[in-house]
Amino acid sequence: MSTLISGIHHITAIAGNPQKNVDFYTGILGLRMVKKTINFDAPDVYHFYFGDELGTPGTVFTTFPFDGARKGTKGTGELTYTAFSIPTQSLGFWMDRLAKYHVPTSDVLTRFGEKFIRFEDHDGMGIELIANDKDARTGWTYGNIPVEYAIRGFYGATLNLKAKDLTEKLLIQFMNYQFIAEENGRYRYGTEGKPGDIVDIVLDKEGRQGVQSAGTVHHIAFRTANDTTQAKIQNLLIENGYQVTEVKDRNYFKSIYFREPGGVLFEIATDEPGFAIDEDEAHLGELLKLPLWAEPHREKIESRLAKVTLNIENYG
């Protein structure tokens, strides 16, 4: 099979208060706000995109912040932990930084020979920082985090499932993934086995189903190059019995969606055209950008959205 999938494109979570969401991911974690727009399927809700300088696929964590939303619960059928990649020498820096802002972390843990820490954001979203020397990507900084310690992008994601065989079949037979290793009931897969493409399956055969709300992942998106490769994998999945949506235009990429056998919502998103199509690269994320169909309703939409600001100066 030709290469249709090259790793993770983005991961999207449900959040609570929009300002707290912006403060955590830009202020504490130091990711760049690369786009401020709306949930195309719920225009009264923001859609924030946080990533590297340009919002490169494989770096972008996105959120739908529903102010006042109750907290969800981690469980089976969900992506429970989003792992970001950090340089090997930066682990101590991040432990100190998170402590400074009163974010409790785990002790230093080890998995597949790499050290990492685990914590949650203000909504309970599961996050890991994995220290490694395999990641050549350049991190973004607003100046509050030394670039040599900055987050590089995703490392990978953990799927918490009751069974793995059908999900494994999907990944390996149709999505260019291959089995890498198993450790303590954790099964690892990758397209090349590098930061940005890792998917881990953790089995929880007796676990309760997760409840999706603030602090839980809505979906994980995988990278495909363009419209042509997206159409190929769409047809491949449909031919093999997966219920796949029509192509949806998300302005900055095009998307198709389907549920993997364990219940996690998968998306296949194109690398093209990217986030610089409607803002200068130097000013990404500064203005509220709306799709063309929403522009006639801008005044109404803006009146219903809470005001948010970047407060980087508060997170030195």
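Before any of the text, the structure's been laid out above.
Rules used throughout
Residues numbered from 1 in each chain as written. Predicted model: local features only at pLDDT ≥ 70, side-chain atom pairs only at ≥ 80, totals over all residues. Heavy atoms only, no water. Patch = residues over 30% accessible without salt bridge, like charges linked within 9 Å, V, L, I, M, F, W, Y side chains within 5 Å. Areas by Shrake-Rupley, 256 points an atom, 1.4 Å probe, with all protein chains shown as cover. Salt bridge = Lys/Arg side-chain N within 4 Å of Asp/Glu carboxyl O. Lys, Arg positive; Asp, Glu negative; His and termini not counted. Charge placed at Lys NZ, Arg CZ, Asp CG, Glu CD. Helix = DSSP H or I, 4+ residues; strand = E, 2+ residues; numbered from the N terminus. Buried < 20%, exposed > 50% of the residue type's maximum accessible area, 1.4 Å probe, protein only. Pairing = 2+ DSSP bridges. Contact = heavy atoms within 4.5 Å. Axes fitted to C-alpha atoms, helices over the stretch in contact; angles between N-to-C directions.

J.: I'd love a proper account of a negative patch on the surface, names of residues and values included.
T.: On the surface, Glu53, Asp280, Glu281 and Glu286 cluster together into a negatively charged patch. Looking at the secondary structure, you find aspartate 280 in the loop between strand S16 (265-270) and helix H5 (298-304).

J.: How would you summarise the pairing of strand S8 (residues 126-132) if you had to cite specific residues and measurements?
T.: Burial runs high along S8: seven of the seven residues are buried. Relative to S8, strand S5 (residues 78-87) runs parallel, the two sharing six bridges. Opposite isoleucine 86, over in S8, you have alanine 131 as the bridge partner. Here five bridges tie strand S7 (residues 114-120) to S8, and the two strands are oriented antiparallel to one another.

J.: Outline the sheet that holds strand S3 (residues 42-51), listing residues and values.
T.: Overall, mixed pairing links the eight strands, which are arranged S2-S3-S4-S1-S13-S16-S15-S14 in an open sheet. The outermost strands of the open sheet, each flanked by one partner alone, are strand S2 (32-39) and strand S14 (248-249). Across three bridges, the pairing between S3 and strand S4 (residues 60-65) is antiparallel. Bridge pairing links phenylalanine 50 to phenylalanine 61 in S4. On the sheet, helix H1 (residues 18-28) packs against strand S1 (8-15), S2, S3 and S4 and is oriented at approximately 10° with respect to S3. Its contacts with the sheet put helix H4 (residues 227-239) on strand S13 (216-224), strand S15 (254-259) and S16, and the angle it makes with S15 is roughly 20°.

J.: Help me get a handle on the sheet that holds strand S12 (residues 198-203), residues and values and all.
T.: Strand order in the open sheet formed by eight strands is S6-S7-S8-S5-S9-S12-S11-S10, and the pairing between neighbours is mixed. Every interior strand has two partners, whereas the edge strands, strand S6 (109-111) and strand S10 (178-183), have only one. Averaged over all neighbouring strand pairs, the angle between strand axes comes to 30°, with direction disregarded.

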